Amino acid sequence: MAEVSSKMTWLKRGGRVRPGDGKKEPSLASSMESLTQSQLNLAIMDMLNLGQNWNRCEEVCRGNPITDAGKRQQMVKMLAVVLIPVIVLTGMTANTFIVSLESYIVSSKISRILYFSIELGILLGNIQRERDMSALYVSNIELETKDLLLQRYPDTDIAIQNLSSWPTSANIVRDEFQTREKFLSYLNRHRYQLDSYNRTIKEELQFYSDSIEVFIQWLYEAIVETQSGSVWKSLVAYQEIIVASEFFGRERGLGVSFYAVGRFNTRDEYLLFVESQDIANITFQSSRLYSELAYDMYEAQLMRNANIIEPMQKMRNEIRSNRSSSSRGSVERAKWWFNNMTVYMNALRATQRQLATKIDQLLSESSNDDLRNVITICIVFGVILIICPLIVFAVYSLTSEIQTYSISIANRTKALNKEKKRTDTLLYQMLPKSVAERLKQNEVVDAEQFSESTIFFSDIVGFTQISSQSSPLQVVDMLNSLYLCFDQRIEMYDVYKVETIGDAYMVVSGVPRQNGRRHAAEIATMALDLLEHINRLEIPHLPGTKFRLRTGCHSGPVVAGVVGSKMPRYCLFGETVSIASKMESLGKANRIHISESTFELLDGLGGFVIEERKDNIKNDRDLLHAFKGTVRTYWLLRREGFQSEISDSSRSSTPESEGTLERNAGKTLLQRH
């Protein structure tokens, strides 16, 4: 065996690998010794017949894993496939890390703003009290009211000094609000000039209200710039409570002036009170839309002093009516109003502080979540850095093994796909594509009834005589040339070739794909086309002798289904098939014989030239039975606008056609609308 095998070598001739005689040609092993590495790769590719004609894009994507150079290129591609997702994952991880870190920073910033807003709330409360006492003093200049005002000055100054930082904003352009010292100087100058200038209550309230609005505006901008995220509703409610507190403060200040004087001195003061009261109520109700919790907190705070709710409501109504129970002013009643309205405002400020605490808790939870996300992402990133080399090594090992089998799998897959296409092509020639697909999916194809269809039958006139004068091979060649012509022409129409038996040719339209009422026109146009081409087609082994075709068409319902399992066929059943066959057998050479049902469909569509048949066919027993005693059949002559027409010579080939020009009255010209 060893001696025999040593004499056998593998030789390549004509693109095929076969065993050869070692004496005539050198062995592959000996030839490899004299080849360079690149020549060796080409030899291996040539032996395995891998010289596919790929374009540049396919060559980059597929590569050649057989040669050493191809292995290295394929390895680089596989590693790139693995590393690109890793890099993308790393980028996504870094992006999530940045987002979580930014969210953590924003939460911390909002927390600082909330703490500062509490300090600012204390300052605003003191400024509001000073404003109310200043309004009381202006409305009733006495030592008692002056003493009440002087008691408020130190509280306001202390609140300003206790601010942890001074609010600044690019939108605040007034110089007196740029620093703490400038604002104190601005405020003290106003205090010293209070007795020098004869200010009205409205002017005094406006001075302090303008200052308060500057601080509130800064708080709005600070919260908006922080991009509050998930707690934005609570922050909006918080802002609304601050604004409501300010307008309640204005209501308190105007009420103090009302009771100190006993009335409003001007209509503007009265309107300002009504406006402040309405805005305060609306703003507070607006905060409830964003945070029901804030409203519940306020109600809980207010119920602790439930005994003042009813008296305060009466006093509000009294002020709103601008009719005091005492015609003269009363400092005591003004103080009582101030103190009880302060209870309302303290409840509102307590709600503000509780809501700030709640928001801070939510921010703390969010910050903790963000911090955990940051830590988790760091851990994941570390794991990625550790696993990445392991993945590269695993891919390297697996790719080496996969490349060993890649070429054989590719060739077998290619052969399998080629055979599958061949099988599908054969199957689609035997059965309609829709039916074949259902059979391929192991579905049961039940017989189906079609209410409308048109069937076409044809055969060769004198086929028996021609066959008797021809050899079997000549008959096969004759039918093949004829049906090749037919098969090419019917592809242009919405029809389905059912079968051919000998010289018989059967076509249907409207089955299995329904096409409304177009089936008659499709079959009629196809028949005219076939007849035109058959007139130019000669019998191959009988030069100068042309085919003569007899055709028949009938329209009606049919039942279609798949018959058989060994060689399944798609067959049609029903009286329509029998009548169509009868129409063909009773037809004439090179003429298209159609039934009355087909005529009616073509008549409705229009554009076809048809004449009624006038011979003894009406006495055919089968047709009399099928048409219930009344038989009318027709000849299809041509279609208007269709290039192919039945020539005069073809019509004159039968006795039936003689004298048709004189029988123009029997023709029906159908115009297409």
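These numbers come from a predicted model, not from an experiment. (Residues numbered from 1 in each chain as written. Predicted model: local features only at pLDDT ≥ 70, side-chain atom pairs only at ≥ 80, totals over all residues. Heavy atoms only, no water.)

Quick notes on the layout of surface pockets
Leftover empty space is mapped by rolling, across the atoms, a probe with the size of a water molecule. There is about 590 Å³ of room inside the second largest pocket. Along its surface, the second largest pocket is lined by 24 residues, and Tyr428, Ile490, Val495, Tyr496 and Lys497 are the ones closest to its centre. Where the lining of the second largest pocket is concerned, the elements lending two or more residues are helix H13 (331-430), helix H14 (433-440), helix H16 (472-490) and strand S5 (496-501). In terms of residue count, the dominant contributor to the lining of the second largest pocket is S5 (five residues). Among the residues forming the lining of the second largest pocket, the class breakdown is eleven nonpolar, five polar and eight charged. (1 Å grid on protein atoms, 1.4 Å probe; cavity = no way out; pocket = protein on both sides within 12 Å on 5 of 7 lines; lining within 4 Å. Points joined across faces, edges and corners; volume = space filled by probe spheres on them. Helix = DSSP H or I, 4+ residues; strand = E, 2+ residues; numbered from the N terminus. Nonpolar A, V, L, I, M, F, W, Y, C, P; charged D, E, K, R; others polar.)

Regarding the sheet that holds strand S3 (residues 448-450)
Ordered by their spatial adjacency, three strands build an open sheet running S3-S10-S11, and the pairing between neighbours is antiparallel. Two strands lie at the open edges of the sheet, namely S3 and strand S11 (569-573), each paired on one side alone. For this sheet, the mean angle separating the axes of adjacent strands, direction not counted, is 30°. Inspection of the sheet shows strand S10 (residues 558-563) paired to S11 by five bridges, in the antiparallel sense. Within S11, the residue paired with valine 562 across the bridge is tyrosine 570. (Pairing = 2+ DSSP bridges. Axes fitted to C-alpha atoms, helices over the stretch in contact; angles between N-to-C directions.)

Side note on the UniProt feature "transmembrane region" (unreviewed entry) in the chain
The sites that carry the UniProt feature "transmembrane region" (unreviewed entry) are, in the present numbering, residues 78-98, 110-127 and 374-398. Span residues 110-127 is 100% helix and 0% strand, its end C-alpha atoms 25 Å apart. Across residues 374-398, helical content stands at 100% and strand content at 0%; the span's end C-alpha atoms are separated by 35 Å. (UniProt positions renumbered as here; feature names shortened; annotations may be inferred.)

Let's talk about the pattern of salt bridges
Opposite charge on two side chains permits them to pair, given that their charged atoms come into close proximity. Taken as a whole, this structure holds 31 salt bridges when the rule is applied. A salt bridge links aspartate 132 to arginine 252; the shortest N-O distance between them is 2.2 Å. On the criterion of sequence distance, the pair formed by aspartate 132 in helix H5 (residues 68-139) and arginine 252 in helix H9 (residues 232-261) is long-range, its members being 120 residues apart. For aspartate 132, a relative accessible area of 0% translates into the label buried. (Salt bridge = Lys/Arg side-chain N within 4 Å of Asp/Glu carboxyl O. Buried < 20%, exposed > 50% of the residue type's maximum accessible area, 1.4 Å probe, protein only.)

A closer look at empty space enclosed by the protein
Per the counting criterion, the structure on display carries three cavities of 30 Å³ or more. Lining of the largest cavity is provided by Gly121, Leu124, Gln128, Ile242, Ser245, Arg349 and Gln352. Counting residues per element, the ones that place at least two in the lining of the largest cavity are H5, H9 and H13. When residues of the lining of the largest cavity are assigned to their parent elements, the largest contribution, three residues, is made by H5. For the lining of the largest cavity, a count of residues per class yields two nonpolar, four polar and one charged.

Quick word on the environment of leucine 83
Tracing the backbone through its elements, the reader meets leucine 83 in helix H5. Spatially, the C-alpha atoms of leucine 83 and cysteine 388 are 8.0 Å apart, while their sequence positions differ by 305 residues. Discounting chain neighbours no more than four positions away, the residues touching leucine 83 are Cys388 and Val392. (Contact = heavy atoms within 4.5 Å.)

Structural notes on the packing of H9 against helix H10 (residues 267-290)
To characterise two packed helices, one gives the angle between the axes of the helices and the distance between these axes. Remark: H9 packs on H10, axes separated minimally by 8 Å, with the N-to-C direction vectors making an angle of 160°. With respect to H10, the element H9 is oriented roughly antiparallel. The handedness of the crossing between H9 and H10 is left-handed. In the contact of H9 with H10, the residues fall into 15 nonpolar, seven polar and five charged. (Parallel < 35°, antiparallel > 145°, perpendicular 65-115°, else oblique. Left-handed = near helix turned anticlockwise from the far one by under 90°.)

A short note on the pairing of strand S4 (residues 454-460)
Taken across its seven residues, S4 has seven buried, putting it largely inside the fold. Neither face of S4 is left uncovered, since the one carrying Thr454, Phe456, Ser458 and Ile460 and the one carrying Ile455, Phe457 and Asp459 both have all their residues buried. Bridge count for S4 against strand S9 (residues 549-555) is seven bridges, and the pairing is antiparallel. Along S9, the bridge assignment pairs phenylalanine 456 with cysteine 553.

What to know about the packing of aromatic side chains
Applying the stated rule across the entire model yields 19 aromatic pairs. On the numbers, 6.0 Å between centres and 75° between planes, the contact of phenylalanine 177 with phenylalanine 215 is edge-to-face. Taken together, the residues span a long stretch of sequence, with phenylalanine 177 in the loop between helix H6 (143-161) and helix H7 (180-192) and phenylalanine 215 in helix H8 (residues 201-225) at a distance of 38 residues. Side by side, phenylalanine 177 and phenylalanine 215 carry an identical accessibility label, which is buried. With 6.5 Å between their ring centres and 40° between their planes, phenylalanine 183 and tyrosine 186 make a pair best called tilted. On the criterion of helical spacing, the pair formed by phenylalanine 183 and tyrosine 186 is a turn pair, its members being three residues apart in helix H7. By relative accessible area, which is 1% here, phenylalanine 183 ends up buried. Taken together, the ring pairs connect Trp166, Phe177, Phe183, Tyr186, Phe207, Tyr208 and Phe215 into an aromatic cluster. (Phe/Tyr/Trp six-rings, centres within 6.5 Å; stacked < 30°, edge-to-face > 60°.)

Quick notes on the confidence of the model for the chain
The predicted model of the chain averages 76 in pLDDT, with 79% of residues at 70 or higher. Mean pLDDT across the elements of the chain ranges from a minimum in strand S15 (residues 667-669), with 33, to a maximum in S4, with 93. Predicted confidence for residues 47-51 stays below pLDDT 50, and this span has eight contacts to residues more than four positions away or in other chains. Throughout residues 645-673 the model reports pLDDT below 50, and contacts reaching past four residues in sequence, or to other chains, amount to 62 contacts. (pLDDT = per-residue confidence, 0-100.)

Details of the nonpolar core
Counting 76 residues, the largest nonpolar core has Leu114, Leu123, Phe183, Phe215, Tyr238, Trp337 and Ile359 as the members making the most contacts within it. In terms of residues, this core owes the most to one element, H9, which gives 14 residues. Setting aside its immediate chain neighbours within four residues, phenylalanine 215 contacts Leu120, Leu123, Leu124, Ile127, Trp166, Pro167, Phe177 and Phe183. Counting residues in hydrophobic clusters, the runner-up holds 39 residues, among them Val475, Met478, Tyr483 and Ile592. (Core = buried A, V, L, I, M, F, W, Y, C linked by side-chain atoms within 4.5 Å.)

Let's talk about the packing of helix H17 (residues 519-534) against helix H19 (residues 596-605)
H19 packs onto H17 with a crossing angle of 100° between their chain directions and a minimal axis gap of 9 Å. In this view, H17 runs roughly perpendicular relative to H19, as classed from their interaxial angle. Facing His519, Ala520, Ala521 and Ala524 of H17, the residues of H19 in contact are Thr598, Leu601, Leu602 and Leu605. In terms of residue class, the contact of H17 with H19 is built from six nonpolar, two polar and no charged.

Focus on a nonpolar patch on the surface
Together, Leu101, Tyr104, Ile105, Leu371, Ile375, Ile379, Val383, Ile386, Ile387, Leu390 and Ile391 make up an exposed nonpolar region whose accessible area comes to about 960 Å². Looking at the nonpolar patch, the elements with two or more residues in it are H5 and H13. The greatest single-element share of the nonpolar patch, amounting to eight residues, is contributed by H13. Of note, valine 383 is situated in helix H13. The exposure class of valine 383 is partly exposed, given its relative accessible area of 39%. (Patch = residues over 30% accessible without salt bridge, like charges linked within 9 Å, V, L, I, M, F, W, Y side chains within 5 Å. Areas by Shrake-Rupley, 256 points an atom, 1.4 Å probe, with all protein chains shown as cover.)

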